[in-house]
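# A closer look at the structure
Chain residues, written in single-letter form:
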Amino acid sequence: MTQAPATGRSALVTGGNRGIGLAIARALAADGHRVTVTHRSGEPPQGLSGVICDVTDAASIDAAFSQVEADQGPVEILVANAGITDDTLLLRMSEDTFTSVVDANLTGAYRVAKRAASGMLRKRWGRMIFISSVVGLSGGAGQANYSASKAGLVGLARSIARELGSRHITANVIAPGFVDTDMTQSLPEARRTEIVNQVPLKRYAEPSEIADAVAFLASDRAAYITGAVLPVDGGLGMGH
Ligand code: NDP
């Protein structure tokens, strides 16, 4: 268990058991925060606290937050990172395929943000960081469900930024490009090469490069940044 200094905040990262979420959790822990990750099964990653949580289930979220509050205090830094893809072209996309992705990626983020907000309001301090995607802003063929969910995070974050800003609570969005994780390793090699050719920096991001941006937005140095969409995409979206 990573020990946090007295200055550390209570942080929760959804989907923090692997991929980008795990890198975010490790970066926040390295900055001295008390960090818990959510996971749906198995054991939490080595050196981190974990809590079982499915973001499609409000009761599961409530139980997870209660445990985090008891263990490390009310959540001050929330990273809504959990997400899924279920790609197919629009004409073949069933309503269930659309709504299940929106439910996990967008409604799930709403659920955790709402649960976190009351504690942040009491503290009069908070950081909410939503992990969107370059395709939330550019669209993606075969990704109407995923792109819509990721675009929705922008409206969600900006509304929260307006509602809670007077209480020193910020809400920001990070829009990663292509990151080397399980999610992208499942792409065919030809598609991976095609993607890299479109990226000005000519490579995938490492999860730690997304995590560094999150750690900055979570810090006191980012106190005057809210409602922002920060691309971390190797130039793919050119700032959108
Ligand atoms: P992974 O597929 O490697 O990990 C996804 C994480 O989300 C896992 O921890 C998974 O938990 C969790 N998760 C999925 N559904 C739920 C749920 N219903 N409740 C709780 N947890 C859930 O993905 P990445 O690390 O690549 O992606 C992380 C985030 O970054 C996602 O939101 C993704 O959309 C976004 N992103 C990723 C990009 C990339 O190129 N990889 C690019 C742009 C954005 P479990 O282990 O239990 O399945």
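The name given to the protein in an unreviewed UniProt entry is 3-oxoacyl-(Acyl-carrier-protein) reductase, with Nakamurella multipartita as the source organism.

With their axes 10 Å apart at the nearest point, helix α2 (residues 58-72) and helix α3 (residues 95-123) run at an angle of 40° to one another. Judged by the inter-axis angle, α2 sits oblique to α3. In this structure, α2 meets α3 at a crossing whose hand is right-handed. Across the interface between the two elements, Ala-58, Ile-61, Asp-62, Phe-65, Ser-66 and Glu-69 from α2 touch Arg-111, Val-112, Arg-115 and Ala-116 from α3.

On to the sheet that holds strand β4 (residues 77-80), then. A sheet is described by the order of its strands in space; here seven strands give the open sequence β3-β2-β1-β4-β5-β6-β7, paired in parallel fashion. Edge strands, defined here as strands with exactly one partner in the open sheet, are β3 (49-52) and β7 (229-232). The average angle at which neighbouring strand axes cross in this sheet is 20°, direction not considered. Across four bridges, the pairing between strand β6 (residues 169-176) and β7 is parallel. In the sheet register, Val-173 faces β7, and the bridge partner there is Val-229.

Quick look at the environment of Val-179 now. In this fold, Val-179 is placed in the loop between β6 and α6 (182-185). Contacts of Val-179, omitting those with residues within four sequence positions, involve Ile-20, Thr-184, Tyr-204, Ala-205, Glu-206, Pro-207 and Ile-210.

The computed volume of the largest pocket comes to approximately 1200 Å³. Together, 50 residues line the largest pocket, and Gly-83, Ile-84, Thr-85, Tyr-146 and Met-183 are the ones closest to its centre. Listed by contribution, the elements that provide at least two residues to the lining of the largest pocket are α1 (19-30), β2 (34-39), α4 (134-138), α5 (144-164), α6 and α7 (189-198). Its residues assigned to classes, the lining of the largest pocket comprises 18 nonpolar, 25 polar and seven charged.

Criteria and cut-off values
- Each chain carries its own residue numbering, running from 1 in the written order of its sequence.
- With pLDDT at 70 or above as the cut-off, local features in this predicted model cover only qualifying residues; side-chain atom pairs require 80 or more to be listed or tallied, and sums for whole chains, interfaces and linings still use all residues.
- The side-chain quantities take in all heavy atoms of the structure and omit both hydrogens and water.
- Every angle, taken between N-to-C directions, lies between 0 and 180 degrees, and every axis is a line fitted to C-alpha atoms, over only the stretch in contact when it is a helix.
- Counting from the N terminus, the helices are DSSP H or I runs at least four residues long and the strands are E runs at least two residues long.
- In these notes the angle categories are as follows: under 35 degrees is roughly parallel, over 145 is roughly antiparallel, 65 to 115 is roughly perpendicular, and the rest is oblique.
- Note on convention: the crossing is left-handed when the near helix lies turned anticlockwise from the far helix by less than a right angle, right-handed when the turn is clockwise.
- The contact definition used throughout considers only heavy atoms, calling two residues in contact when any of these lie within 4.5 Å.
- By definition, two strands form a pair when at least two bridges between them are found by DSSP.
- Both cavities and pockets are sets of points on a 1 Å grid over the protein atoms alone; in a cavity a 1.4 Å probe fits but cannot get out, in a pocket the set is open with protein on both sides within 12 Å along at least five of seven lines, and lining residues sit with an atom within 4 Å of a point.
- Grid points are joined across faces, edges and corners, and a volume is the space filled by probe spheres set on the points.
- Residues were grouped as follows: Ala, Val, Leu, Ile, Met, Phe, Trp, Tyr, Cys and Pro as nonpolar; Asp, Glu, Lys and Arg as charged; and all remaining residues, including Gly, as polar.

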